Every structure is written in structure tokens, then in C-alpha cells.
Amino acid sequence: MVFWRTAVYLLLAANLQSQVFTNGGFESGLNGWRFWSRTEKAGALELSNEAPHGGSQCGLVRHTGGQDWALEPVLRLPVAPGELYEVQVWAWIEAEGEATLCASTWDASDKNIDWSHGERRISGTTGWQLLKTRLFIPPGVASLQPRLIGSGPFVARFDDFEIRKAEGRAWSSRALPQSLAISNQALAVTLNTSNASWSVHDRRTGRVWRQKALSPGMSVLDAEGSGRAIKLKLFHAPTGLELAASLELEPTAPELRCELKGEGELPTSMRYPHPFESVSGDHLVIPMNEGISFPVDDQSVPLHQLIAYGGHGLCMAFWGVTDGRTGHMALIETPDDAGIQMARTDGRMVIAPYWEAQRGQFGQVRKLRYVFLDHGGHVAIAKRYRAYAQATGLFKTLAQKRQEIPNVDLLIGAVNVWCWDKDAVSLVREMQSAGIERILWSNAQPPENLKALNDRGVLTSRYDIYQDVMNPADFPRLRYTHKDWPTAAWPNDLIPDPRGRWIKGWGIETRDSDSMIYCGVVCDERALGYARERVPAELATHPYRCRFIDTTTASPWRECYSTNHPMTRTQSKHWKMELLRYMSAERNLVTGSETGHDAAVPFVHYFEGMMSLGPFRVPDAGRRMSLIYTNVPEVVAKYQVGHQYRLPLWELVFHDCVVAQWYWGDYNNKLPAIWDKRDLFNVLYGTPPMFMFDRKLWKENQERFVRSYKNTCPHIRQSGYSQMTDHRFLTPDRNVQQTAFASGQVVTVNFGAEPFHTPSGETIGPLACKVTGPR
């Protein structure tokens with residue numbers, strides 16, 4: 001929490017009174033401080049005389065609980081809007097702990113406004129590290145309480161807290177108009193100069209989209225506007241940066257471009273622009289993996305923070321809000337250091353962007369494009385992004401890729417099979433004889449098996465990885481080692497963080513306990529070299545047609561602080577894409593990667609995991625892949641196969657470019673109770689199923705595997721090269737949905753428990769579908 005240095009005096013701007021806070025260095029014991037943990041008796045504040053930062057002792061926090069904790073002074077500071085404070089504390093955090101320096105803010109009636117205003121994080125340190133933040137006092141705040149907060153097990157020492165009134169220009173040096181306005185034929189935009197928020201009046205629909213200033217700390221220093229553009233000078237109090245910003249309307253299109261320019265250190269993420277308020281009836285539209293939609297009033301939905309630079313975040317760089325017809329979307333034109341944060345205001349969910357540093361600096365110009373829609377809902381949002389992808393080189397169709405690699409055709413309509421049976425040839429012979437004709441066999445095989453499988457028309461593949469590498473000295477302690485670790489990369493080709501510590505990757509259990517030893521993460525710039533050594537030598541004897549590259553598009557683009565191979569996130573993305581391009585363009589392999597991200601669309605042919613929403617998989621899906629679940633976890637039933645929430649956003653944008661599949665720990669037969677429903681999603685979205693089994697499971701469930709294949713793959717073969725042109729909800733409860741493809745195929749699925757009667761008089765039973773068009 002916050003530790004006040006002895007005899008720190010605050011000169012309050014409001015009345016020039018002085019107030020004394022004591023014991024910021026813990027020289028007077030623990031008087032004046034309180035510790036809180038959500039887990040009863042799970043933590044405490046102690047005194048320590050072990051290597052204090054200053055004086056003879058410091059504060060020591062020990063927390064063993066699994067939930068959140070907080071430490072703060074008993075006294076609260078009276079403040080006034082417009083004031084700016086700087087807060088700092090020295091911290092020595094053990095192991096992997098993380099703490100956040102921030103302040104809670106309160107109004108004049110002692111009601112909480114924000115529990116973590118101005119938050120700044122610090123994680124495991126090597127010795128004492130200085131943690132600082134700046135607190136801009138927004139309108140309505142009458143007092144604040146600096147605090148340190150965290151979650152889970154934690155041990156750290158803190159010392160020498162200070163707070164002081166900061167110098168700096170947080171307000172304009174001249175009188176500004178209360179608002180500035182610009183317009184085109186579709187939109188009228190108004191800037192509120194008191195808090196840098198906007199409102200946008202869509203002249204076509206009559207709706208006014210108003211922003212809510214949820215992240216206080218951005219103030220307007222100067223502004224001028226005319227015609228279709230507003231130029232701004234902004235001050236960001238948490239970082240002390242002055243920014244040049246612009247808002248510019250397109251000449252005729254209902255689109256508004258926003259740019260932010262700055263120079264200097266960016267020690268914490270910057271949240272701007274503010275989110276647009278939502279109203280009851282709106283839905284958030286988020287390209288989380290395949291896509292999801294949340295009713296803004298749904299209080300059960302967890303609030304997510306999603307990066308835009310990796311598959312476990314936004315897989316396409318946009319978000320949207322729609323009432324089913326009208327709406328808006330925000331297209332992130334500079335996604336490599338960006339993300340989104342969901343929040344609630346007035347009980348309804350909203351989304352705001354945030355910008356992360358580029359190797360500690362503000363870096364490149366940050367760009368957003370807001371698009372306002374008068375019809376089309378989530379389909380129009382996706383199609384606008386499709387046009388953007390086509391214009392920016394993120395687009396290449398499967399038909400084009402097939403011209404370069406004819407084996408791509410073997411992928412279309414093929415079930416992805418993960419099976420560790422050594423006699424793959426006889427098993428495939430059984431499968432094909434039973435009617436499962438088109439197969440992507442994903443597990444590695446010896447040369448003679450590969451040749452036999454190739455002769456049977458199978459797309460032969462194998463797993464490969466160039467991200468994780470284990471210290472060879474730890475091999476004897478591990479339960480298993482992986483032959484595909486690029487062991488030569490240890491330690492010189494690892495990614496170090498800004499403090500020189502190597503980044504941790506996949507963990508492996510030790511032989512004698514459940515503890516983990518972690519791999520290091522290989523720098524993306526160096527990974528390609530290991531692939532160039534491995535792949536040609538293997539292909540000389542093993543005639544694979546395909547290769548699956550694990551983690552490349554799932555893991556985030558990473559900054560590397562090595563002096564020999566430094567990288568920004570943009571450079572990390574470049575080298576990741578070069579690895580995938582090498583596999584497909586240079587080695588002529590059908591190429592897949594994990595989870596998926598649109599940056600890789602020109603270079604890959606399929607993604608394992610795009611159909612599976614990352615936050616809503618079964619527990620430990622990446623480790624216990626073969627475990628079959630007899631009970632369906634609530635989160636899986638509600639969101640993973642929750643037809644009221646899911647959207648085929650990826651298919652609406654990229655169905656004719658990349659094949660989307662389930663995750664290998666979340667396949668069609670993983671939870672038999674929802675197997676039928678997964679098959680329905682596959683048909684509706686035009687995506688192939690995935691099976692994982694051994695010979696015993698195959699024998700026990702052969703009829704069910706064959707039925708799953710026949711219910712899905714023939715339809716998917718027909719739509720595989722086609723654009724998904726539409727997706728509609730045919731009933732208000734979303735139980736009945738329909739997709740259409742450029743091939744002419746139309747799929748109608750009834751996810752509900754009652755029959756659905758079509759306008760033409762046909763009946764679609766519960767958990768059933770109807771496919772019309774080319775067969």
C-alpha cells in the first residue's frame with residue numbers, strides 16, 4: 001500500500017493549508033497503516049530491518065491467499081479537481097509477485113468513484129525498484145487514498161513513500177470554447193474540451209453516440225477545429241506527456257479518424273479515446289477467436305482486457321457495438337502495441353482502447369478509425385473489416401493459395417485427426433472404409449507410413465515448435481522432454497525483459513513433484529534460423545505435405561531487450577510471419593498455427609483453435625488434451641457453445657482465406673454431451689470438425705465419429721472456398737440461425753429445444769439443421 005515518509009508536507013491548492021503525514025519510511029513502526037485481504041487471515045503487514053531502502057527498517061507484506069489484497073494509510077487526502085500529484089514508493093518484490101500503486105478516489109459524500117485511479121504495476125524485482133505514478137484529480141473527486149494492491153501469493157518490502165503536488169500544465173493556458181464541432185453529410189462530431197470526450201450524431205439514424213470519460217487524466221491544453229478536422233493538444237497526467245491529436249471526418253463516408261502523436265517515456269498504458277456509452281438493447285461485438293457478442297446489460301459477463309497483438313486477444317483489430325441494425329465499430333489501424341478494455345458504466349458494458357509503450361517510449365503514431373453503420377449489424381461490421389483487410393494486404397484466398405500449393409485442396413472438407421496410434425495406416429484404412437474419406441492426419445509418422453498415407457489421399461502433417469526451449473541442465477529433472485525444442489537456442493537466443501530476465505514459456509512438471517520448470521521463450525528473430533536447419537533435412541526423408549507450427553500466432557508479439565537481437569512488437573510480428581511464410585512459400589507445405597490472428601492470413605491455410613474461445617475452454621485444455629469430460633463445465637456450456645453469445649465474425653471476414661478449427665484440447669468429441677452441438681456449429685460456420693482418439697476410443701465410438709464426419713464435412717467441402725456472405729438470427733432468442741455462402745449454400749440451424757417452422761412450411765427439429773444449395 002502506500003507508505004508516507006516522515007514529515008511529508010502537502011500544500012493543498014484549495015486553501016494553502018498544510019497537512020502532515022508521518023511514517024512513510026516505517027521508522028515509527030506500523031502506526032497509521034491498515035492491511036486488508038479478501039481471504040481471511042491470509043496476509044499481514046510486518047516490520048523488517050533486512051536491507052531497508054532508507055533508515056533502519058521497512059514495511060514487509062506477506063500474503064498467502066489466492067484473492068486480492070490491499071494496503072493503505074488510515075488517513076485520506078482532501079483534494080480538488082484539476083490538481084496533480086506525484087506518488088512514489090520503493091519496492092523489493094520477491095519471485096513472481098506483482099503489485100499496483102494507485103489511489104482510490106471519493107466524492108464529497110464519501111462515495112467511492114474509482115478503486116484504482118492512476119494504476120502503475122511492478123513485478124518481481126532484483127533489489128529495490130522505484131514505482132511512481134501521477135494522479136490527476138478529475139471533476140467530482142474530493143479525496144483520495146493512495147494504495148498498493150495485488151492478488152494471490154505475494155511477499156515484498158516497501159519503503160520511503162512520498163507524495164507531492166506536481167508542477168505542470170494540466171489545463172489550457174487560454175480560455176477554450178466549451179465545445180468544438182465538425183461535420184460531413186453523414187456525421188456531426190462535437191468535442192467537449194473539459195474532458196476530451198466526443199459525441200457523434202449519426203444524421204442517418206438519429207442516434208447520438210456519447211463518450212464517457214472513464215479514464216480521468218486526459219485534459220485539453222489547446223484545440224481548434226474547422227470543416228472536417230479538429231486539432232488538439234492533450235495532457236496525459238499519469239505519464240506527464242503532451243500529445244498532438246487529431247479528429248478528421250472522411251469527406252463523405254460515415255467514418256472518423258483519430259490519431260495520437262507523442263514523444264517520450266510511456267511508463268504505463270494510455271487509455272484514450274474514451275468509450276462510447278451503450279444503451280439497453282445494444283450488444284458488444286468482439287473478435288475473440290471466432291467471435292462473440294455480449295448484451296451490454298448482461299451482468300454475468302466477465303470483463304476482459306484483450307491485446308490486439310496475439311491470438312489470445314483480438315484475432316482481428318476491431319470491436320463494435322450494435323443494436324442488431326445500426327451501430328459503430330472501431331478499427332485499430334496500429335494494433336501492434338494496442339488492446340481493448342471492457343468496463344461497465346451505469347450498469348452497461350462499454351469498450352475503450354488502450355495503447356502500450358514501444359520499448360518504453362510512446363513510439364509511432366497511434367491510429368483508430370471509427371465507422372458508423374446505419375444498417376447491417378454485426379455482418380456490416382465484419383464486412384467493413386474485410387474491405388480493410390483487402391486494402392492493407394491481410395487478404396489471400398484459399399483458391400489463390402491452392403494455385404501455389406495444390407495440396408491445399410486436401411485440407412478443404414477434411415477432418416483434423418489427432419491420434420497417437422503407431423499403426424496409423426491401418427487406422428486410416430478403417431476410417432476411410434467406414435466413410436471418413438478426407439483426413440488431415442496431424443501426428444508425426446515414419447517415412448513408410450507417410451508414403452502409404454499420402455497414397456490414400458491423406459493430408460499428412462506433424463507438430464512443430466520454435467518458441468519454447470528448455471535449459472538442457474534441467475532435462476534429468478523433467479517428467480518428459482520434447483524433441484522439437486530448439487535446444488541450441490539456450491541461453492543466447494532467449495528473449496530477456498527490460499531487467500534482463502528471460503521470459504518464461506511452457507512449464508514442465510518435475511519427476512519428483514508437481515512443481516514446474518519453465519522453458520524460456522526464443523526470440524522470434526532467431527527462430528527462423530532453427531527452422532531452416534530442421535525442416536529441409538527432415539523433408540528429405542519424410543514426405544510430409546503439411547506442418548502445424550505451435551504457439552506462433554497464439555502467443556503475443558513480444559519485445560526483446562537483448563543487445564544482440566532487440567525487437568519491438570512490430571518486428572516480432574514480422575519474424576513470426578517470416579517463419580510461417582518460410583513453411584508455406586519456401587517449403588510448399590500446407591501450414592497451420594495455433595489459435596489464429598489475421599496478421600498470418602497471407603501465410604497460413606488453417607488455424608487450430610479459432611473455433612474455441614480461449615477464455616472459455618475446459619480447465620487445463622492445453623495439457624490434458626486426451627481427457628474426455630462427462631460433465632460440461634458451466635463456462636463451456638454458456639459461452640464456448642453458447643449460441644446466444646457466439647458470432648462467426650472470423651468466417652464473415654476470412655472464411656474463404658483460412659480454415660478455422662477447434663482447439664486440440666477442445667475438439668468435437670472432448671465433451672460427448674455437446675458433441676452434437678459442436679457439429680451444428682461446424683455446419684453453420686462452414687468449418688471442419690476435429691477428432692482426438694486412440695484405437696480403443698475409435699472402436700467404442702466408430703459410428704459416432706462417422707456420423708459426425710458425414711453430418712459436417714460434405715457440406716464444408718462445398719462451401720470451403722466461398723465467402724460467407726451473411727449470418728442472421730431468425731428468432732429473437734437466437735435459437736435459430738442462418739448463414740449464407742457465395743457458393744449459394746444456405747445453412748439453417750435450430751439450436752433450440754422446440755421445432756422451428758420455416759416460412760416455406762418446412763420443419764427443423766431441435767438440435768438439427770437444414771442445408772440448401774449446391775451439394
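Definitions and cut-offs
- All residue numbers here refer to positions counted from 1 along the written sequence of the relevant chain.
- It should be noted that, the model being predicted, local features are given only for residues of pLDDT at least 70 and side-chain atom pairs only at 80 or more, the latter also being counted only at that level, while totals for whole chains, interfaces and linings use all residues.
- To get the side-chain values, take all heavy atoms of the structure and skip hydrogens and water.
- When DSSP finds two or more bridges between two strands, those strands count as paired.
- Helix and strand labels come from DSSP, where a helix needs a run of H or I of at least four residues and a strand needs a run of E of at least two; each type is numbered from the N terminus.
- Planes of paired rings set the category: under 30 degrees apart is stacked, over 60 is edge-to-face and the rest tilted, where pairs are Phe, Tyr or Trp rings (Trp by its six-membered ring) whose centres lie within 6.5 Å.
- For a ring to carry a charge above it, either NZ of a lysine or CZ of an arginine must fall within 6 Å of the ring centroid while also lying within 35 degrees of the normal to the ring plane.
- Among buried residues, the Ala, Val, Leu, Ile, Met, Phe, Trp, Tyr and Cys ones that are joined through side-chain atoms within 4.5 Å form a nonpolar core.
- The cut-offs for exposure are 20% and 50% of the maximum accessible area for each residue type, with area from a 1.4 Å probe on protein chains only; residues under the lower value are buried, those over the upper are exposed, and the others partly exposed.
- The contact definition used throughout considers only heavy atoms, calling two residues in contact when any of these lie within 4.5 Å.
- Each axis is a line fitted through C-alpha atoms, and for a helix only the stretch in contact is used; angles between axes span 0 to 180 degrees, taken between their N-to-C directions.

Of the pairings in the sheet, the one linking strand S42 (residues 724–729) to strand S43 (residues 736–741) comprises 5 bridges and is antiparallel in character. Along S43, the bridge assignment pairs Met724 with Phe741. Between S42 and S43, which pair antiparallel and follow one another directly, the connecting turn spans 6 residues, one of which, Arg734, has a positive phi of 70°.

Here we come to the packing of aromatic side chains. For the structure shown, the criterion picks out 35 aromatic pairs. Over the face of the ring belonging to Trp209 we find Arg207, whose NZ or CZ atom lies 3.6 Å from the ring centre. Stacked on the ring of Tyr721, the Lys or Arg Arg402 has its end atom at 4.3 Å from the ring centre.

A few words on the nonpolar core. Leu234, Ile286, Phe294, Ile332 and Tyr385 are the most contacted members of the largest nonpolar core, which has 157 residues in total. Element by element, the count of residues in this core is highest for helix H1 (residues 377–391), at 7 residues. Not counting chain neighbours up to four residues away, the residues in contact with Leu234 comprise Ala196, Met218, Ser219, Val220, Leu221, Leu241, Glu242, Leu243, Ala245, Leu260 and Tyr272. Phe26, Leu77, Ala91 and Leu144 belong to the second-largest nonpolar core, a separate cluster that totals 28 residues.

The sheet built from 3 strands is open, its strands ordered S34-S36-S35 with antiparallel pairing. Lying at the two open borders of the sheet, with one neighbouring strand each, are strand S34 (468–469) and strand S35 (504–509). Sheet analysis places S34 next to strand S36 (residues 516–521), joined by 2 bridges and oriented antiparallel. Paired with Asp468 across the strands is Val521, a residue of S36.

Strand order in the open sheet formed by 5 strands is S4-S5-S13-S8-S11, and the pairing between neighbours is antiparallel. Pairing within the sheet leaves two strands with one partner each, and these edge strands are strand S4 (43–48) and strand S11 (129–136). Ignoring which end each strand starts from, the neighbouring axes of this sheet average 30° apart. Sheet analysis places strand S5 (residues 58–63) next to strand S13 (residues 154–165), joined by 5 bridges and oriented antiparallel. Pairing of His63 across the sheet is with Phe154, part of S13.

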